Amino acid sequence: KQWYQRRVRDSGNDAGYWQALANILPKSHELKWDALLEGLQKYHGVLAQRAKLIEDTDKLQNQNSELRMLLQQYIGSRVNQDLQIPPTHTIPSEVLRDYAIDS
């Protein structure tokens, strides 16, 4: 005689098993998980918006650097010396100091 016995699976209670598995969490836990999911989705939206703002800030900082460089080149250009009123005479001295340009 064999030491194991072959059993035939009874599939008659499968529907009850799956129904019980679907209701394994109490309704209060399900509500908590739903609230957590909603909160995390909102948080994800905030993080995505923040990432976009950081990207925009980086672009503006790069643009600002480029504009500062162009302004410095413009103010320091030799052609300005030939003008009756050079731009350096109309720009406040604090601004000129920021660009290290002598008026």
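Okay, so let's go over this structure. None of the values given here were measured: they were computed from a predicted structure.

With that out of the way, let us pick up the pattern of salt bridges. Counting across every chain of the model gives 4 salt bridges. Residue Lys27 is joined to Glu30 by a salt bridge in which the shortest nitrogen-to-oxygen separation is 3.9 Å. In this pair, Lys27 and Glu30 are both assigned in helix 2 (residues 27-75), 3 residues apart and thus about one turn of the helix distant. Between Asp56 and Lys52 there is a salt bridge, with the nearest N and O atoms lying 2.8 Å from each other. One end of the pair is Asp56 and the other is Lys52, both in helix 2 and 4 residues apart, which spans about a single turn. On the basis of relative accessible area, Asp56 is assigned to the partly exposed category, the value being 25%.

On to a nonpolar patch on the surface, then. A grouping of Tyr17, Trp18, Leu21, Ile24, Leu25, Trp33, Leu36, Leu40, Tyr43, Val46 and Leu47 is seen on the molecular surface, where their side chains present a nonpolar patch of about 1,200 Å² in accessible area. Elements supplying a minimum of two residues to the nonpolar patch: helix 1 (14-22) and helix 2. Sorting elements by how many residues they give to the nonpolar patch places helix 2 first, with 6 residues. For Trp33, the location among the structural elements is in helix 2. Given the relative accessible area of 54%, Trp33 is considered exposed.

Inspection of every chain in the model, using the stated rule, returns 1 aromatic pair. Between the aromatic rings of Tyr17 and Trp18, the centroid separation amounts to 5.1 Å while the plane-to-plane angle is 75 degrees, which identifies the pairing as edge-to-face. Taking relative accessible area as the criterion, Tyr17 reaches 49% and is therefore assigned partly exposed.

Parameters at a glance
Residues numbered from 1 in each chain as written. Predicted model: local features only at pLDDT ≥ 70, side-chain atom pairs only at ≥ 80, totals over all residues. Heavy atoms only, no water. Salt bridge = Lys/Arg side-chain N within 4 Å of Asp/Glu carboxyl O. Helix = DSSP H or I, 4+ residues; strand = E, 2+ residues; numbered from the N terminus. Buried < 20%, exposed > 50% of the residue type's maximum accessible area, 1.4 Å probe, protein only. Patch = residues over 30% accessible without salt bridge, like charges linked within 9 Å, V, L, I, M, F, W, Y side chains within 5 Å. Areas by Shrake-Rupley, 256 points an atom, 1.4 Å probe, with all protein chains shown as cover. Phe/Tyr/Trp six-rings, centres within 6.5 Å; stacked < 30°, edge-to-face > 60°.

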